[in-house]
Amino acid sequence: MSFFTDAPRNRPLFPVPEQELFGYNGRPWVEPPHEYIVPAILPWSMPLGRAERTIVALRGIEVWPESVSFQLSVYSRDLLLDEPGEGLIDHRRVPDYNALLVGVLFPDGRRASSETISVPSATKPDQPVLRAQGLGGSAFHVDHEIFLWPLPPDGPLELIVQWLDRGIDETHTSFDGTAIRDAAKEAGEIWPGLPAREAHGLPVRRVGAQAMITPAWPRESQAPPPLPQPSAPRAEAPAQPRRGAPLPTRLPRRAR
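Since this is a predicted model, take the numbers as computed values, not measurements.

What counts, and at which threshold
Every chain is numbered independently, its residues counted from 1 as its sequence is written. Per-residue local features of the predicted model are confined to residues with pLDDT of at least 70, and side-chain atom pairs are confined, for both listing and counting, to 80 or more; whole-chain, interface and lining totals are unaffected and use all residues. For the side-chain quantities, the full set of heavy atoms in the structure was used; hydrogens and water were omitted. Helical segments are the DSSP runs of H or I of at least four residues, strand segments are the runs of E of at least two, and each set is numbered from the N terminus. Working definition: with a 1.4 Å probe on protein chains only, accessible area under 20% of the residue-type maximum means buried, over 50% means exposed, and in between means partly exposed. Contacts are residue-level and defined by heavy atoms, with any inter-residue pair within 4.5 Å sufficient. Accessibility throughout is a Shrake-Rupley quantity obtained with a 1.4 Å probe, and a residue counts as covered only by protein chains that appear here. Here, nonpolar core refers to any group of buried Ala, Val, Leu, Ile, Met, Phe, Trp, Tyr and Cys residues whose side-chain atoms link them within 4.5 Å. Here, strands pair whenever DSSP counts at least two bridges between them. All axes here are fitted lines through C-alpha atoms, helices being fitted over the stretch that makes contact, and every angle between N-to-C directions spans 0 to 180 degrees. The rule for a salt bridge is simple: a side-chain nitrogen of Lys or Arg has to be within 4 Å of a carboxyl oxygen of Asp or Glu.

K.L.:
Would you mind showing me how to read the overall build of the chain here?
P.N.:
What the chain contains, in helices and strands, is one helix and 14 strands. When the 256 residues of the chain are sorted by exposure, 34% land in the buried category. Taking the intrachain contacts of the chain between residues at least 6 apart in sequence as the baseline, contacts between residues at least 24 apart amount to 60%. Surface accessibility of the chain: about 18,300 Å² in total, with carbon and sulfur atoms responsible for 53%.

K.L.:
Would you mind showing me how to read the nonpolar core here?
P.N.:
Nonpolar side chains in soluble globular proteins tend to be buried together. Counting 36 residues, the largest nonpolar core has Val-63 and Phe-70 as the members making the most contacts within it. Setting aside its immediate chain neighbours within four residues, Phe-70 contacts Leu-58, Gly-60, Ile-61, His-144, Glu-145, Ile-146, Leu-148, Leu-157 and Leu-159. Judged by nonpolar contacts, the second largest core, of five residues, contains Trp-29, Val-30, Val-129 and Phe-147.

K.L.:
Just to check I follow, could you spell out the sheet that holds strand β7 (residues 111-113) for this structure?
P.N.:
Within a beta sheet, neighbouring strands are joined by backbone hydrogen bonds and run either parallel or antiparallel to one another. Pairing within the open sheet is antiparallel, and its four strands lie in the order β7-β6-β10-β11. Two strands lie at the open edges of the sheet, namely β7 and β11 (168-176), each paired on one side alone. Averaged over all pairs of adjacent strands, the angle between strand axes in this sheet comes to 15°, irrespective of strand direction. Sheet analysis places strand β6 (residues 101-105) next to strand β10 (residues 156-163), joined by five bridges and oriented antiparallel. Bridge assignment links Leu-105 to a residue of β10, and that residue is Glu-158.

K.L.:
It is not clear to me how the environment of Val-56 should be interpreted in this structure. Could you clarify?
P.N.:
Along the chain, the position of Val-56 falls in strand β4 (residues 54-63). Under the relative-accessibility criterion, Val-56 is labelled buried at 0%. Spatially, the C-alpha atom of Val-56 lies 5.9 Å from that of Ser-73, the residues being 17 residues apart in sequence. Among residues more than four places away in sequence, those in contact with Val-56 are Pro-47, Leu-48, Gly-49, Leu-72, Ser-73, Val-74, Leu-100, Val-161, Trp-163 and Ile-168.

K.L.:
When you look at the side chain of Ser-67 in this model, what are you seeing that I'm missing?
P.N.:
Its location among the elements puts Ser-67 in the loop between β4 and β5 (68-76). Residues within four places of Ser-67 in sequence aside, it is in contact with Pro-28, Pro-33, Glu-62, Phe-147, Leu-148, Trp-149 and Leu-151.

K.L.:
What should I look at first to understand the pairing of β6 in this one?
P.N.:
Each regular strand shows side chains that alternate between the opposite faces of the sheet. The buried count for β6 comes to four of five residues, which makes it a mostly enclosed element. Between β6 and β7, which follow one another and run antiparallel, lie five residues, and Gly-109 among them has a positive phi close to 95°.

K.L.:
How do you make sense of the pattern of salt bridges when you look at a structure like this?
P.N.:
Under the definition given, this model contains five salt bridges. Across the pair Asp-143 and Arg-59 runs a salt bridge whose closest N-O atoms are separated by 3.6 Å. Placement of the pair is Asp-143 in strand β9 (residues 141-149) and Arg-59 in strand β4, with a sequence separation of 84 residues. Taking the relative accessible area as the measure of exposure, Asp-143 reaches 15% and is therefore buried. Classification of Arg-59 as partly exposed rests on a relative accessible area of 37%. Among the ionic pairs, Arg-110 bridges to Asp-108, the shortest N-O distance being 2.9 Å. With relative accessibility at 28%, the residue Arg-110 sits in the partly exposed group. Given a relative accessible area of 47%, Asp-108 falls into the partly exposed group. Among the charged side chains, a network of salt bridges with common partners joins Arg-53, Asp-78 and Arg-166.

If you want it as structure tokens, here you go:
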């Protein structure tokens, strides 16, 4: 007997927009390549900062071919956030040094942190990139992904946290950068050989109320006919009173 007793559906219960995954854009400093790579997992878990009622902890590390994602969680006996999806680490134009801050220090002295705004760059940066994102949780537990590019060089990589509002002073935790680089070799590609997205001239197909980028228009499709242009309204002549009828109390409006 089959576990799933319903017959196969001919189509999804809800319509799915037509869209195809294109090849990797080749910009590893922008974000983790979740759609293209299965990362290597380093099951390193430990507290990174601790106070009486708050703990900042590492739950593990995802290693990509050219970057790293630290899975970081905050636990508290007090209310953290009403909306956990927003996260507790906020890139700001003017840093808030009392808030939760995260940074890294490479063995060669390069550094990156959540102190300032981290905007994705179209060109390869000359400094490390660190970007924090909230992943949800609850009112007393919030998960984060700390994205770091590039891979650290051989030697000790330091991960630094500070949260003065919660009584957590600057705390350094050291990791083996060589082990992280070795793990990157185990990251696997999911869709080898995907076609690259064209840089210009991509047509747009409208699916329902949403515009989607698609590889090409169907050959039989043609441009829709132009919409008729509205004509100017004609001026209506003022109504003439009938003979014997009383005159109107208001004059008719002139046509605009």
